[in-house]
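These are the residues of each chain, in order.
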Amino acid sequence: MPSLRCLYNPGTGALTAFQAPVGQMTHQSVLADFIPLKRKGDAGRYWHLEMAVLSLPTTTQNILCTAVSDRQLVLKSTVPSSYAGARDIHNIACQTGKLYNFPYFQYLYVSFNPPFLQTKLANGTSSMIVPKQRKLSASYEKEKELCVKYFEQWSESDQVEFVEHLISQMCHYQHGHINSYLKPMLQRDFITALPARGLDHIAENILSYLDAKSLCAAELVCKEWYRVTSDGMLWKKLIERMVRTDSLWRGLAERRGWGQYLFKNKPPDGNAPPNSFYRALYPKIIQDIETIESNWRCGRHSLQRIHCRSETSKGVYCLQYDDQKIVSGLRDNTIKIWDKSTLECKRILTGHTGSVLCLQYDERVIITGSSDSTVRVWDVNTGEMLNTLIHHCEAVLHLRFNNGMMVTCSKDRSIAVWDMASPTDITLRRVLVGHRAAVNVVDFDDKYIVSASGDRTIKVWNTSTCEFVRTLNGHKRGIACLQYRDRLVVSGSSDNTIRLWDIECGACLRVLEGHEELVRCIRFDNKRIVSGAYDGKIKVWDLVAALDPRAPAGTLCLRTLVEHSGRVFRLQFDEFQIVSSSHDDTILIWDFLNDPAAQAEPPRSPSRTYTYISR
């Protein structure tokens, strides 16, 4: 008959047994199966090993006895062919119990330190080996009833005080037994109990904090838990929570159309979908998210191209976009507004007498800077010119505005800080001087104004006082682009590199190399950096890895995108797309959500899976 080898599973504290030919069972293999036998740091507690030897030949018994002996396990003087009882490891103490003969069975489940040993037979039935009951003294039997009688006559507070006193007289070993006895008595299924008392909303609120994996598990606990999750529309609430807190989910809700079924929106047909609709929707959203991430890493995208068709000089120097429009500033002195869906030009704004080098817009105004040295303010809806600011004496290279404040920078080496009371009421607050060459880019938040120049430096200024704070040195040539958020500054230079800086201490955290010419534009979010350069290439970098000093430099560039035939002047991106402009007079929209090649392939299972049980 084949022998049984026992394998220890540290995760479950269990030994499982399976058939192995006798010829394959060696001293070493048996030893390996019993390591480790004692769990470290277990405060002197020793495991009890339950072992069964099932009609083993003498040779196999000898191997087993030798292996067990080497691990300081004590067996009886002879190993019965049917069963050897529990052994106390290292303590050289032997527990003897009843021996049972189990002929012909093939599988055995053995656990550590169980209240009883359960063995599974070949026919699927189970047999219990129950330890002997402790023998109680005669005096205890007599006096117990009397004690219980007195105990029942006391008040609840007296009973509690007596039991506390009684427990305080016991040893640690007894406390452990009492704890094991009380633990199941103290457990409560509150999710089932609350609705029974008319408190369904509390049970639903508790489960509404679960993530998807935990919510799946909660549904499978029992019918009542499933009812609470279903009646409480908890899958809908989970999706709504993700849409509120994650811009990727929010964007998917708009692009895929399922946002109309969330929050208090009235569905198109007037009928609210059941919980099962949202339960089935969740894995589809996860699949979309993983597809987007894969497309970014693999460079899979669909491409749309806008030909600007400039009549004189060609080139698109700057742009900004939203879901409805793209606003672009051109070398031919115009601002063109494009419909994002049809890619048609909706409006052309004229007034600048030089190339439009920078722009920004919000829900009210478009503000542009030009090589004609002026800053102009336009109504975003009508295209009417509302204001013209004349301060800089050379080209306005970049500008940013937010919360009633605007910062502009110029080829004249200065930075101007403006107060914006309204589109027509904009006044100069302060001029910052310190750079020794043209100031190419500025960015700011409530704490710092950050500027970068052709003098190879990045300067940091206090936003409130406009006082100089520090200089970041490191680039070997002039700096053409920069973005600042939180503590991180990312800059691109004509030395062909990208640098990551900690603004608080001024340290350079990482240098990214890969572009072959001047890095002209750069943007980053929480996951990635996207850069464009005069080599006509757009590169996507892993920001998380770039901030990890252990990450090899060769793994940081995820993908290089080559579609522009000229220098890349400006780009912006979000979770779904990159929009870029170039000297080749085109605007490209790189869509990483709707990749035609991926849609033609058969659907693939997501790498992250959840279990959904139909009922």
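Calculation rules
Residues numbered from 1 in each chain as written. Predicted model: local features only at pLDDT ≥ 70, side-chain atom pairs only at ≥ 80, totals over all residues. Heavy atoms only, no water. Phe/Tyr/Trp six-rings, centres within 6.5 Å; stacked < 30°, edge-to-face > 60°. Helix = DSSP H or I, 4+ residues; strand = E, 2+ residues; numbered from the N terminus. Buried < 20%, exposed > 50% of the residue type's maximum accessible area, 1.4 Å probe, protein only. Pairing = 2+ DSSP bridges. Axes fitted to C-alpha atoms, helices over the stretch in contact; angles between N-to-C directions. UniProt positions renumbered as here; feature names shortened; annotations may be inferred. Patch = residues over 30% accessible without salt bridge, like charges linked within 9 Å, V, L, I, M, F, W, Y side chains within 5 Å. Areas by Shrake-Rupley, 256 points an atom, 1.4 Å probe, with all protein chains shown as cover. Salt bridge = Lys/Arg side-chain N within 4 Å of Asp/Glu carboxyl O. Lys, Arg positive; Asp, Glu negative; His and termini not counted. Charge placed at Lys NZ, Arg CZ, Asp CG, Glu CD. Core = buried A, V, L, I, M, F, W, Y, C linked by side-chain atoms within 4.5 Å. Domains from an automatic or database assignment. Contact = heavy atoms within 4.5 Å.

**Student:** Could you give an account of the packing of aromatic side chains, naming the residues involved and the relevant values?
**Tutor:** Throughout the structure, instances matching the rule amount to twelve aromatic pairs. When the centroid spacing of 6.2 Å and the interplanar angle of 55° are considered together, the rings of Phe151 and Phe162 count as tilted. Separated by eleven residues along the polypeptide, Phe151 in helix H3 (residues 138–153) and Phe162 in helix H4 (residues 156–168) bring together distant segments of the chain. By relative accessible area, Phe162 is classed as partly exposed at 32%. Measuring from ring centre to ring centre gives 6.0 Å for Trp296 and Phe573, while their planes differ by 65°; the resulting arrangement is edge-to-face. Of this pair, Trp296 sits in helix H12 (residues 275–298) while Phe573 sits in strand S34 (residues 568–573), and the two are 277 residues apart along the sequence.

**Student:** For the sheet that holds strand S24 (residues 457–462), give the residues involved together with the corresponding values.
**Tutor:** The antiparallel open sheet is built from four strands, whose spatial order is S22-S23-S24-S25. Of all strands in the sheet, those with a lone pairing partner are strand S22 (439–444) and strand S25 (468–473), marking the two edges. Sheet twist, expressed as the average angle between the axes of neighbouring strands with direction ignored, equals 20°. Alignment of S24 against S25, held across five bridges, turns out to be antiparallel.

**Student:** Explain the UniProt feature "repeat: WD" (unreviewed entry) in the chain to me, using residue names and the numbers behind them.
**Tutor:** This chain's UniProt record puts "repeat: WD" (unreviewed entry) on residues 322–339, 349–388, 389–428, 432–471, 472–511, 512–543 and 561–600. For the annotated span residues 472–511, helix accounts for 0% and strand for 62% of the residues, and the straight-line distance between the end C-alpha atoms is 14 Å. Helix makes up 3% of residues 512–543 and strand 62%, with an end-to-end C-alpha separation of 10 Å.

**Student:** Residue-level account of the UniProt feature "domain: F-box" (unreviewed entry) in the chain, with values.
**Tutor:** UniProt's feature table lists "domain: F-box" (unreviewed entry) at residues 200–238, given in the numbering used throughout. Split by type, residues 200–238 is 77% helix and 0% strand. Its first and last C-alpha atoms lie 18 Å apart.

**Student:** Please give an account of a positive patch on the surface that cites residues and values.
**Tutor:** A surface patch of positive charge is lined by Arg413, Arg436, Arg456 and Arg477. Along the chain, Arg413 falls in the loop between strand S19 (405–410) and strand S20 (414–422).

**Student:** Before we move on, can you summarise the pairing of strand S16 (residues 374–379) with the specific residues and values?
**Tutor:** Within S16, six of the six residues are buried, which leaves it mostly tucked inside the rest of the structure. Here S16 shows no split at all, with Thr374, Arg376 and Trp378 on one side and Val375, Val377 and Asp379 on the other all buried. Of the pairings in the sheet, the one linking strand S15 (residues 365–370) to S16 comprises five bridges and is antiparallel in character. In the sheet register, Ile367 faces S16, and the bridge partner there is Val377. Taking the residues that link successive antiparallel strands as the turn, the S15-S16 hairpin has three residues, and the phi of Ser373 there is positive, at about 80°. Bridge count between S16 and strand S17 (residues 385–390): five bridges; the pairing is antiparallel. Paired with Thr374 across the bridge in S17 is Ile390.

**Student:** Kindly report on the pattern of salt bridges, identifying the contributing residues and their values.
**Tutor:** Scanning all chains against the criterion turns up 21 salt bridges. For the salt bridge of Arg256 with Asp288, the shortest nitrogen-to-oxygen distance reads 2.8 Å. Placement of Arg256 in helix H11 (residues 247–256) and of Asp288 in helix H12 is noted, with a sequence separation of 32 residues between them. The residue Glu516 makes a salt bridge to Lys537 at a minimum N-O spacing of 3.0 Å. Taken together, the positions of Glu516 in the loop between strand S29 (508–513) and strand S30 (519–524) and Lys537 in strand S32 (residues 537–542) put the pair 21 residues apart, joining distant regions of the chain. Shared partners join several salt bridges into a network, and the residues in it are Glu293, Arg297, Lys527, Arg528 and Asp542.

**Student:** Can you lay out the nonpolar core for me, pointing to particular residues and giving the numbers?
**Tutor:** Ile239, Trp249, Trp258 and Ile578 are the most contacted members of the largest nonpolar core, which has 44 residues in total. At eight residues, the largest contribution of residues to this core is made by H12. Lining this core are residues from two domains, each supplying at least three of them: domain 1 (190–263 + 273–298) and domain 2 (302–591). When sequence neighbours within four positions are dropped, the list of residues in contact with Ile578 reads Trp296, Val530, Ile538, Val540, Leu561, Leu571, Gln572, Phe573, Leu588, Ile589, Trp590 and Phe592. If you look at the next biggest cluster of nonpolar residues, it comprises 16 residues, including Cys481, Trp541, Ala545 and Leu556.

**Student:** Describe the sheet that holds S34, and please don't skip the residues or the numbers.
**Tutor:** Ordered in space as S9-S36-S35-S34, the four strands form an open sheet in which the pairing is antiparallel. Sheet topology places strand S9 (302–307) and S34 at the edges, where each strand pairs with a single neighbour. Averaged over all adjacent pairs, the angle separating strand axes in this sheet is 15°, with direction ignored. Here five bridges tie strand S35 (residues 577–582) to strand S36 (residues 586–591), and the two strands are oriented antiparallel to one another. Note on S36: the bridge partner recorded for Val579 is Ile589.

**Student:** So what's going on with the pairing of strand S11 (residues 325–330)? Which residues, and what values?
**Tutor:** Most of S11 is tucked away: six of the six residues are buried. Residues Lys325, Val327 and Gly329 point to one face of S11 and Ile326, Ser328 and Leu330 to the other, with burial holding for every one of them. Pairing of strand S10 (residues 316–321) with S11, which is carried by five bridges, proceeds in the antiparallel orientation. When the sheet's bridge partners are listed, Gln320 is paired in S11 with Val327. Taken together, S10 and the strand that follows it, S11, pair antiparallel across an intervening segment of three residues. The pairing of S11 with strand S12 (residues 335–339) spans five bridges and is classified as antiparallel. Within S12, the residue paired with Lys325 across the bridge is Asp339. Between S11 and S12, which pair antiparallel one after the other, the connecting turn spans four residues, and Asn333 there sits at a positive phi close to 80°.

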